[in-house]
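So the chains spell out like this:
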Amino acid sequence: MKVLTANFITCAIKDCKASPKSFPLHFQNAELELQELEFQPDFLRHILPRIDWDSLRVTANELGFPSIPETKPEGEELNNEELLRNLHQLLLETQVMEGKLVCDNCGHEYMIKEGIANFLLPSHLV
Amino acid sequence: MLPTPDTSHVPFNTVYEPAEDSYLFLDTLSSPAESAWLATRFATTPAPLITEVGCGSGVVLGFATANAQSIFGRRDVLAIGTDVNLHACLATRETVQRAVQTQQKEEATSQQETTTSLYLDSLTADLCRPLRPGSVDVLLFNPPYVPTPDLPPIPSNDQTYGPSKPSFETESYLLSLTYAGGADGMETTNRLLELVPDVLADHGVAYVLLCAQNKPAQVRESILAWPGEWQAEIVGRSGMQAGWEKLVILRIWRST
Ligand SMILES: [Zn+2]
């Protein structure tokens, strides 16, 4: 699972969605893999506006990524190639292959296997 | 004609094989009228997130992602597929990535600008439950629409990781999930429609396929009655049966 995807997902349990604690989900025991992808600065510039920056910082920190800027890059900063390359690597190239995603609100753990996260619920919660 | 993604790697013993309904999706999205509408809708937004719910083989998502320039007027869409069946999730990953690579090779040989559209992930999930409110720009749903006496149960998470060679019972169960729609063939579609207002972005749009027994006119009326400024139009049709279209695609969006 890509780090960017973690910015678009939340707990699958209906009652959790209203709680701010259900986003972002928290990575545990994450095994990472780098899958190379051509660097396309304009593509990244079109993705950045839709990112929830505070949550991305939480995720990056959990995955042991060197600190990313405190605020979302804007204006001139969007021409900083080194910064964009770092974000490209974090958001698009870093894959979580194994591990789990945990909801801070209900404690539910979602498994990630072979790079695919499983949001199906146990039978008693379906 | 835009190229149809290759699905020769997909195990059709557990995953829905592209059929008339899938092709109606491809034809509808790539029709001049629909592409023009989408290109206008997404002319100035950030990179749109396309989500196919129940992505199966990934043929529809692969088509929309790889042909984003023709369909959405831009080369930078993001794709996520969801399916209750892990085999479908794996198949979709392969289908969408291959379709994009094929498109990029084509562009390289004809010296065109490169498509950067990107397959993000497949999620094993019921409908679009794990997606954040307001996150989806384009939602695609080719549901299990056949009226059946019973609805197969939604798989639970402990059923996801079976043996690599599924039993005959497992195969039949997984395939039943792809077509069995319960009462009026609408039980799963109704559950999805309930989630649409929450999961769609303000400028978002959903495409849902219906068959004649689903009573498309009634479904459309019920959407028009949703709180807020909702619109619904039939934008794709195929196969006539006793004077009625057998399959239609409904476009659902906020008019604001
Ligand atoms: Zn939760």
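Please refer to the structure placed before this passage.
Residues numbered from 1 in each chain as written. Chains lettered and ligands numbered in written order. Predicted model: local features only at pLDDT ≥ 70, side-chain atom pairs only at ≥ 80, totals over all residues. Heavy atoms only, no water.

(A) Just the coordination of the zinc ion, in detail. All names here are of chain A. Around the zinc ion, the protein supplies C11 (SG), C16 (SG), C103 (SG) and C106 (SG) as donor atoms, at distances of 2.3 to 2.4 Å. One can describe the donor arrangement at the zinc ion as tetrahedral, given that its four donor atoms subtend angles of 103 to 114° at the metal. Binding-site remark: the zinc ion is held by donors from one chain whose sequence spacing is C-x4-C-x86-C-x2-C. In this pair, C16 sits in the loop between helix 1 (3-6) and strand 1 (26-34) while C103 sits in the loop between strand 2 (94-102) and strand 3 (109-113), placing the two residues 87 residues apart along the sequence. (Donors = N, O, S within 2.8 Å, 3.2 Å for Na, K, Ca; no water. Tetrahedral: all angles 85-135°; square planar, octahedral: opposite > 155°, others 65-115°. Helix = DSSP H or I, 4+ residues; strand = E, 2+ residues; numbered from the N terminus.)

(B) Quick peek at the packing of aromatic side chains. Using the criterion set out here, one finds three aromatic pairs over all chains in the structure. With a centroid separation of 4.8 Å and 35° between ring planes, the pair formed by A:Y110 and A:F119 is classed as tilted. Pair check on accessibility: A:Y110 and A:F119 agree, each one buried. Taken together, a centroid distance of 5.1 Å and an interplanar angle of 80° make the contact between B:W226 and B:W230 edge-to-face. Note on B:W226: relative accessible area 17%, which makes it buried. Stacked on the ring of B:Y161, the Lys or Arg A:K113 has its end atom at 4.1 Å from the ring centre. Between B:R251 and the ring centre of B:W253, over which it is positioned, the NZ or CZ distance is 4.6 Å. (Phe/Tyr/Trp six-rings, centres within 6.5 Å; stacked < 30°, edge-to-face > 60°. Buried < 20%, exposed > 50% of the residue type's maximum accessible area, 1.4 Å probe, protein only. Lys NZ or Arg CZ within 6 Å of the ring centre and 35° of its normal.)

(C) Representation of the side chain of B:T51. Residues and elements named next belong to chain B. The residue T51 is located in strand 1 (residues 49-53) in this model. Overall, the relative accessible area of 0% leaves T51 in the buried class. Here T51 is in contact with I80, T82, L131, V136, V138, L139 and L140, once residues within four sequence places are set aside. (Contact = heavy atoms within 4.5 Å.)

(D) Fine view of the interface of chain B and chain A. At the junction of the two partners, chain B supplies 38 residues and chain A supplies 35 residues. Seen at the junction of chain B and chain A, the total is one salt bridge. Note that B:D137 and A:R50 form a salt bridge whose closest N and O atoms lie 2.6 Å from each other. For the pair chain B and chain A, the interface holds 19 residue pairs in polar contact (both at pLDDT 80 or more). When contributions to the side of chain B that touches chain A are tallied by element, the ones reaching two or more residues are strand 2 (78-83), helix 5 (86-109) and strand 3 (118-124) of chain B. Considering every element that reaches the side of chain B that touches chain A, the biggest residue donor is strand 3 of chain B, with seven residues. Residues of the side of chain B that touches chain A, tallied by class, amount to 22 nonpolar, seven polar and nine charged. (Salt bridge = Lys/Arg side-chain N within 4 Å of Asp/Glu carboxyl O. Polar contact = N/O pair within 3.5 Å; in protein donor to acceptor, adjacent residues only side chain to side chain. Nonpolar A, V, L, I, M, F, W, Y, C, P; charged D, E, K, R; others polar.)

(E) Up close: helix 5 of chain B. For helix 5 of chain B, built from 24 residues, the straight-helix expectation of 34 Å at 1.5 Å per residue is met to within 8% by its first-to-last C-alpha distance of 35 Å. The set of residues buried in helix 5 of chain B consists of B:L86, B:A88, B:C89, B:A91, B:T92, B:T95, B:V96, B:A99, B:V100, B:Q103 and B:E107. Turning to helix 5 of chain B, the residues buried within the fold contact strand 4 (116-117) of chain A together with helix 3 (59-66), strand 2 and strand 3 of chain B. Capping the start of helix 5 of chain B is the job of one residue whose side-chain oxygen sits 2.8 Å from the backbone nitrogen of B:H87: B:N85. At the C-terminal side of helix 5 of chain B, B:Q111 shows a positive phi close to 55°. (Expected span 1.5 Å × (residues − 1).)

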